[in-house]
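Structure at a glance
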6 protein chains.
Amino acid sequence: MGTSPLPNSSRTPFNEGAARNSAPSRFGAPELAAIPPDIRAVIDETHAKLGFIPNVFLAYAQRPDHFRAFMHYHDVLMQGPSGLTRAEREAIVVAVSAENDCLYCVTAHGAALRVLGKDAVVADQIAINWRTADLAPRLRAILAFASEVNARGFAASDERIALLRQGGFSAADIWDIAAVAAFFGFSNRMAGAMDLRPNPEFYSLGRTSP
Amino acid sequence: MGTSPLPNSSRTPFNEGAARNSAPSRFGAPELAAIPPDIRAVIDETHAKLGFIPNVFLAYAQRPDHFRAFMHYHDVLMQGPSGLTRAEREAIVVAVSAENDCLYCVTAHGAALRVLGKDAVVADQIAINWRTADLAPRLRAILAFASEVNARGFAASDERIALLRQGGFSAADIWDIAAVAAFFGFSNRMAGAMDLRPNPEFYSLGRTSP
Amino acid sequence: MGTSPLPNSSRTPFNEGAARNSAPSRFGAPELAAIPPDIRAVIDETHAKLGFIPNVFLAYAQRPDHFRAFMHYHDVLMQGPSGLTRAEREAIVVAVSAENDCLYCVTAHGAALRVLGKDAVVADQIAINWRTADLAPRLRAILAFASEVNARGFAASDERIALLRQGGFSAADIWDIAAVAAFFGFSNRMAGAMDLRPNPEFYSLGRTSP
Amino acid sequence: MGTSPLPNSSRTPFNEGAARNSAPSRFGAPELAAIPPDIRAVIDETHAKLGFIPNVFLAYAQRPDHFRAFMHYHDVLMQGPSGLTRAEREAIVVAVSAENDCLYCVTAHGAALRVLGKDAVVADQIAINWRTADLAPRLRAILAFASEVNARGFAASDERIALLRQGGFSAADIWDIAAVAAFFGFSNRMAGAMDLRPNPEFYSLGRTSP
Amino acid sequence: MGTSPLPNSSRTPFNEGAARNSAPSRFGAPELAAIPPDIRAVIDETHAKLGFIPNVFLAYAQRPDHFRAFMHYHDVLMQGPSGLTRAEREAIVVAVSAENDCLYCVTAHGAALRVLGKDAVVADQIAINWRTADLAPRLRAILAFASEVNARGFAASDERIALLRQGGFSAADIWDIAAVAAFFGFSNRMAGAMDLRPNPEFYSLGRTSP
Amino acid sequence: MGTSPLPNSSRTPFNEGAARNSAPSRFGAPELAAIPPDIRAVIDETHAKLGFIPNVFLAYAQRPDHFRAFMHYHDVLMQGPSGLTRAEREAIVVAVSAENDCLYCVTAHGAALRVLGKDAVVADQIAINWRTADLAPRLRAILAFASEVNARGFAASDERIALLRQGGFSAADIWDIAAVAAFFGFSNRMAGAMDLRPNPEFYSLGRTSP
């Protein structure tokens, strides 16, 4: 092995010949013209706000009833009344999606967390490992419970719930942590089934220029 | 250890002093009178059909917006148009819930599968271990993929999807298997968070008398 | 995907074309006439008591020496003198077999527990997940230790044993919990090797008519 | 950290203050005089043959009925008629016990395998990792299946059994591999419950002097 | 739970009260003046090149002999002659560190990969999940083997090595993939022991402004 | 199955037809004459001391730069100044290598521990399962932390470190436990990649004749 000279490793390229997969998902996406008007309106509104159409919208538009049910539940959980702030809810999504190795969700919700939380460093830390992130005790408690919810065979003991209550979380807060964590475990798996591809815009969103 | 006589073990009782937990969930349930009319209508209809109110309805009624979003998505997945029969979809729910050790979901959906599938033995087998159940190749293929979706870090390869397509499943079928499996992983975790208790009626539903 | 109409899912059958596997095990069973008289006597006695011959008897009769050793040890553990009641011992068997996903053992011993314990609901709960079953503290302590014994690499610490002693369990009780849990881990694996099929009678045994 | 000089590490002792635990098990052992004559005879015979009494005999003598059932089943499996040689069966015991991290069983059966197999190097390799041991194809196939039996939730598929049959193993051989592997999973767990201590004689048994 | 109004969730802050941990590691760092000149030279050179001192240098400088051994081995692996390009080697580091949830290594080497590989999107994808990243076949084969090396109990079979050889990798290439993957598993664990904190500069390095 | 007579199992051989693999590794070893003089000197010195050349030297000599970096770091960790004795450090290596199922490292470092620690029984116990070995509290605390370091995703909490400090370990001691444990996780994986074969001499080294 040592006798033949090893190649000069000064050439830097890697991943030669790879192509960026630009399909929203492996199941494709409908023509915009074929999308029902109510869904088209949601997509157009998001397009106007973000400047691009997140692929999850196009992928789900394949199945209009699923699109409506998913987006409605998503909005109830992420934007509805709750003792958790919107940024705290995004942090749950990013932490759970990272544990589930979900490329689309870590990328898209990581971007959302950078924007909403106004702390890109902590958002990036949570996207890698919430356990070693610079977290305040309240956010650490939230993400610790979300991570337990995310585990196979989760069933909370009375003692665990009492501990959260003592930590200042109401029953509704506990419900919301569990609901956001578990719903995105569902979403992560759908992304894995359809090979949902993150839009390239997400990677830099919410970052200040270096 | 062997010198003192061991107790006579002929006494048969076990679990003495245990009480059946009859609360729908650890987070309680609202007074029926406090439930919004549209939700009350759903509950009354189910009550009339089954003869009892499944605890999931009472537990979710605590949060009306969550109730509506959950039940709507549930119905789209379980009763909406699909290449999978309703019994096949219930089989996915039971198999996934068994893998996730969810007491409420195995009990309630096990009952549903006994009723819908008209084969209580296979329904009970799936509730224990779908892998060793007496399954036809199509149902085995469905549950095998559902089980993969249920695993942590799920992301289907192109090869896996091609295999399912070759087995006669359309893209929409694959979507539906994944969606039902993943949605009930979400539901299993909510049941675990709220300690959702199965109604006693579920245990015998769909069984012929011995 | 959304353009072609999805099939009407109102058809309810599932698992079409599947056949109930009626062989006791994949290794078959001997002719009754070929079974040695002492083993035949055990089988006839059980047949008279239950009304059918559990498949484990027929499968093990293939190897008479193994039959005798297995049944003898089984009886020492399950019917011999012990500080644990017979129903408590069956509860251990069901809990461990459920953790090991053993179709035969959950089905057959689940039936035995329903009969012996006179509480079909708790028996079914233990068959799904003993952790969320309605258990009295003593039975919960028994099943918690049985579950630890069942884990790969089990070795109890002195602290763990002391805790059980403080909870009122004698050294012989601890021995018996471990022995029943571990012996049925052995039995579960033999069932998995021989694809032992539960007799259909087990599924409804010990259930009151709905 | 770097400012204070680090201790001189040339002193070689380690584990100072530890005592060799010489009790057969944490549950003790009966007085020899208190042991029933039939069990005493077995112990005396083994003592005469080996020159010491393996602790498993003393530990199990606490419970005479368990002693008899365990030793009888052990002998049926390890010394009864089988298509597997006795050394092959010991190799299964060592491989499974190593996977289960069982100190007593790896030590005692490792010694037995060195003696029976007449190849102390391969015996030691199997005690560390059968996968990287210098094995002939037949023994590798035996240990691969034994290892699968040892896994949680084991249930062999028809395809797996067919592969073993094509490899020259009879149904009885497959039964024996499974039975030996699973029985010692049971034995490993009993050793873990009782903290069974290996006799010091085992460590050097079957080794030629260096 | 539903009776009291839920807080208005429009407030966006999260993680209030958290402080950025600015210590290089929990074991601190030496005064620059106390660092031996040869190590100081390495640190100064890196400082000049990057504009900041990566915390790994300061943390390791606590133990000069360890610093020298670690940095030397690092440079042999990452900059020495090899059939793998430097960017491919960084990709291995990022993929393995992500599997090991190492905050420091994913952050610092993720930045290095963005710079060296000149494709920030693929670098970010690998930092989340190399399996679903847009990889060319060669890089996918490299990372697949690196991931196997990273698993507990890794031991490559002859068949696995033959497959890599058929894929165009030399014995030295296979060595290098394994060495880089395994060395950074070591480095990840050291970072976890010392709570190594990523410098804030790493998060934006190698990103074009949004 | 029971009808045909089973073979007489009195024949004792096992593993017939297996050959001892005598290559240092699957990647071979260089001719002694082709080894650079500085490496040749290290090998000759070890040869003189032990009476044989450990295969790790020959295998690594294939890549002289890797040989030098590996052996230097090894010596810093295992022979450099430290609050841990050399035998304690070898005990960490054996415990971690056993958890990682590394045939070469358990064999070679198990021998080293028998020699250095002057207690072959405890060395053999640690090679099987440090948890059930006869350990003094200090060595148990060392190996418990080493085992945590060895786990996937290791990141020590402040509480865990404080506990070690209270137990009398300095920051440098904690560093050294982590460094030795993690470095040999790296070494274990290299051994698994190259199929490093233990020299037969290791198996009996440090054993007194039986």
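Here the structure is a predicted model, which is why all the values come from computation and not from measurement.

This brings us to the arrangement of the chains. Nothing in chain A touches chain D; the tightest C-alpha to C-alpha distance between them is still 15 Å. One thing to see here is that chain B and chain F don't touch, and their nearest C-alpha atoms sit 15 Å from each other.

Let us look at the interface of chain F and chain D. With 60 residues of chain F in contact, the opposing surface of chain D contributes 60 residues. Our count for the chain F to chain D interface comes out at six salt bridges. Aspartate 134 of chain D serves as the salt-bridge partner of arginine 20 of chain F, at 3.4 Å between the closest nitrogen and oxygen. Between the two partners, chain F and chain D, sit 18 residue pairs in polar contact (both at pLDDT 80 or more).

It is worth spelling out unusual backbone geometry at this point. All names here are of chain A. For aspartate 101, which is not glycine, the phi dihedral falls at a positive 55°. Tracing the backbone through its elements, the reader meets aspartate 101 in the loop between helix 4 (86-99) and helix 5 (103-117). On the accessibility criterion, aspartate 101 (35% relative accessible area) is partly exposed. Unlike most non-glycine residues, lysine 118 shows phi in positive territory, near 60°. Position of lysine 118 among the secondary structure elements: in the loop between helix 5 and helix 6 (120-129).

All names here are of chain A. At a minimum axis separation of 9 Å, helix 3 (residues 64-79) and helix 4 run at an interaxial angle of 120°. Regarding the angle of helix 3 to helix 4, the classification is oblique. Contacts between helix 3 and helix 4 pair Val76, Leu77, Met78 and Gln79 from the former with Arg86, Arg89, Glu90 and Val93 from the latter. Residues belonging to the contact of helix 3 with helix 4 are distributed by class as follows: four nonpolar, one polar and three charged.

Attention now goes to the relation of the copies chain C and chain D. If you rotate chain C by 180° and push it 0.0 Å along the axis, it lands on chain D with an RMSD of 0.0 Å. Look at the turn and shift together and you get a two-fold axis relating the two. Closest approach to the rotation axis among the C-alpha atoms of chain C is made by phenylalanine 186 of chain C, whose C-alpha sits 2.8 Å away. A shared interface surface links the copies, since 100% of the contact residues of chain C are contact residues in chain D too.

The rules behind the values
Residues numbered from 1 in each chain as written. Chains lettered and ligands numbered in written order. Predicted model: local features only at pLDDT ≥ 70, side-chain atom pairs only at ≥ 80, totals over all residues. Heavy atoms only, no water. Contact = heavy atoms within 4.5 Å. Salt bridge = Lys/Arg side-chain N within 4 Å of Asp/Glu carboxyl O. Polar contact = N/O pair within 3.5 Å; in protein donor to acceptor, adjacent residues only side chain to side chain. Helix = DSSP H or I, 4+ residues; strand = E, 2+ residues; numbered from the N terminus. Buried < 20%, exposed > 50% of the residue type's maximum accessible area, 1.4 Å probe, protein only. Axes fitted to C-alpha atoms, helices over the stretch in contact; angles between N-to-C directions. Parallel < 35°, antiparallel > 145°, perpendicular 65-115°, else oblique. Nonpolar A, V, L, I, M, F, W, Y, C, P; charged D, E, K, R; others polar. Least-squares fit on C-alpha atoms with pLDDT ≥ 70 in both.

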